[in-house]
Amino acid sequence: VQLQASGGGLVQVGGSLNLSCTANSIGFSIRDMGWYRQPPGKERELVAGISMRGTMNYDDSVKGRFTISRDTAKNTLDLQMRNLKVEDTALYYCWARATYSYDRDDYWGQGTLVTVSS
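Model, not experiment: these values are computed from the prediction.

Draft legend 1. Molecular detail of the environment of alanine 23. With respect to the element layout, alanine 23 can be found in strand E3 (residues 17–24). With relative accessibility at 9%, the residue alanine 23 sits in the buried group. Setting aside anything within four residues of it in sequence, one finds alanine 23 in contact with Gln2, Leu3, Ile30, Met33 and Asn75.

Okay, structure coming up:
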């Protein structure tokens with residue numbers, strides 16, 4: 001599975017950004033998808049996830065500000081980010097859990113940088 005993320009950039013506090021991820025998954029069945037982020041000097045953390053059935057979960061720090069969505073037919077994943085804060089600054093990664101036959105594995109995109117300036 002190949003994941004291509006886009007949409008990062010520089011934005012001021014209170015601004016908005018939309019991240020997108022496209023999955024090339026011929027032969028695979030994508031189950032869960034999500035967005036992780038890694039702030040400077042910190043470990044990678046889950047931002048939001050969405051199951052194949054559409055069940056969503058969010059980190060408490062982004063609830064009410066971020067919205068995750070996916071199009072299972074097109075294998076795309078989006079993250080709408082509003083009211084951005086300086087602490088949202090991070091490298092954002094698209095993630096997918098997919099199965100191929102009886103195997104299940106996690107896949108990661110290359111990361112897209114989000115910088116929120118004050």
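Draft legend 2. Representation of the nonpolar core. Counting 29 residues, the largest nonpolar core has Leu3, Met33, Trp35, Leu79, Met81 and Tyr92 as its most contacted members. Sorting the residues of this core by element identifies strand E1 (2–6), E3, strand E4 (29–38), strand E5 (45–50), strand E7 (66–71), strand E8 (76–81), strand E9 (90–100) and strand E11 (112–117) as the ones contributing at least two each. At five residues, E9 tops the list of elements feeding residues into this core.

Draft legend 3. Spatial organisation of the confidence of the model for the chain. In the predicted model, the chain carries a mean pLDDT of 95, and the fraction of residues at 70 or more is 100%. The spread of mean pLDDT over the elements of the chain runs between strand E10 (residues 103–108), the lowest at 92, and E5, the highest at 98.

Parameters and conventions
- Residues numbered from 1 in each chain as written.
- Predicted model: local features only at pLDDT ≥ 70, side-chain atom pairs only at ≥ 80, totals over all residues.
- Heavy atoms only, no water.
- Helix = DSSP H or I, 4+ residues; strand = E, 2+ residues; numbered from the N terminus.
- Buried < 20%, exposed > 50% of the residue type's maximum accessible area, 1.4 Å probe, protein only.
- Contact = heavy atoms within 4.5 Å.
- Core = buried A, V, L, I, M, F, W, Y, C linked by side-chain atoms within 4.5 Å.
- pLDDT = per-residue confidence, 0-100.

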